[in-house]
Amino acid sequence: MLIIELKIRTFISQRGITLSELAGILKYDVGFLHNVLKGKRSMPEAMADNLQKLFQITENDLIGWTIADKYTLNSLKSALAEKELNVKSSTVFTDKINGILRQKGFSRTDLSKIISYSQSALNQIITGKRPLSAVVAEKLSTSLDIPLQEIIGWNLADKYSLESIKTANEEKSRL
């Protein structure tokens, strides 16, 4: 069971309501809510807002539970370590990749050729204008000799707040 599902089911159990009743309160179809809790659908902002109010939880709690379900503990630990060092930075991924390229004497053009990936698309990924795909993360890991979980962690450090990453680490560590 996903962490988000477990948390929400615990909240509704404590309040003596069913998933169907919660769906009604939130004004969503129970099937849709079920798919959100199973990770098959994204949680709409309105649903997240209502869950926060109803169960007195924070946005960081919801985000943390969601990312704990999606990423490995090693990636989350890497993200936490980087975020604690660079709390205000949103360029951890860019800075790390650029530093490694400088160290190895490569340019981004060289890297794009090494991993057989479009230079402009790779630049967009490195600068955070395009999401990092699993395929590109794997290619970067292999070509730069950096653990995949570390690369994913750098990316997470840019995308999420310190509080959300801490929540994710705490929840994932409990499993």
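The text that follows walks through the structure, step by step, so that each part is easy to find.

**Quick word on the nonpolar core**
Formed by 31 residues in total, the largest nonpolar core has its most connected members in Ile8, Leu22, Leu33, Met47, Leu51, Phe55 and Trp65. Listing elements by their share of this core, those giving two or more residues are helix H1 (3-14), helix H2 (19-26), helix H3 (30-37), helix H4 (45-55), helix H5 (59-70), helix H6 (73-85), helix H11 (148-159) and helix H12 (162-174). Broken down by element, this core gets its largest block of residues, five residues, from H1. If sequence neighbours within four positions are ignored, Phe55 has contacts with Ile8, Phe11, Ile12, Arg15 and Leu22. With 19 residues, the next largest nonpolar core counts Phe93, Ile100, Ile126 and Leu132 among its residues.

**So, unusual backbone geometry**
Despite not being glycine, Gln56 has its phi angle at roughly 55°, a positive value. Mapped onto the elements of the fold, Gln56 is located in the loop between H4 and H5. According to the relative accessible area criterion, Gln56 is exposed, its value standing at 73%. Phi is positive for Ser116, which is not a glycine, with a value near 55°. With respect to the helices and strands, the residue Ser116 is situated in the loop between helix H8 (108-114) and helix H9 (119-126).

**Some details on the pattern of salt bridges**
Pairing between side chains of opposite charge can happen when their charged atoms approach one another. Tallying each qualifying case throughout the model produces five salt bridges. Lys7 is the partner of Glu171 in a salt bridge, and the nearest nitrogen-oxygen pair spans 3.2 Å. Taken together, the residues span a long stretch of sequence, with Glu171 in helix H12 and Lys7 in helix H1 at a distance of 164 residues. On the basis of relative accessible area, Glu171 is assigned to the buried category, the value being 10%. On the basis of relative accessibility, which here comes to 22%, the residue Lys7 falls in the partly exposed class.

About the cut-offs
Residues numbered from 1 in each chain as written. Predicted model: local features only at pLDDT ≥ 70, side-chain atom pairs only at ≥ 80, totals over all residues. Heavy atoms only, no water. Core = buried A, V, L, I, M, F, W, Y, C linked by side-chain atoms within 4.5 Å. Buried < 20%, exposed > 50% of the residue type's maximum accessible area, 1.4 Å probe, protein only. Helix = DSSP H or I, 4+ residues; strand = E, 2+ residues; numbered from the N terminus. Contact = heavy atoms within 4.5 Å. Salt bridge = Lys/Arg side-chain N within 4 Å of Asp/Glu carboxyl O.

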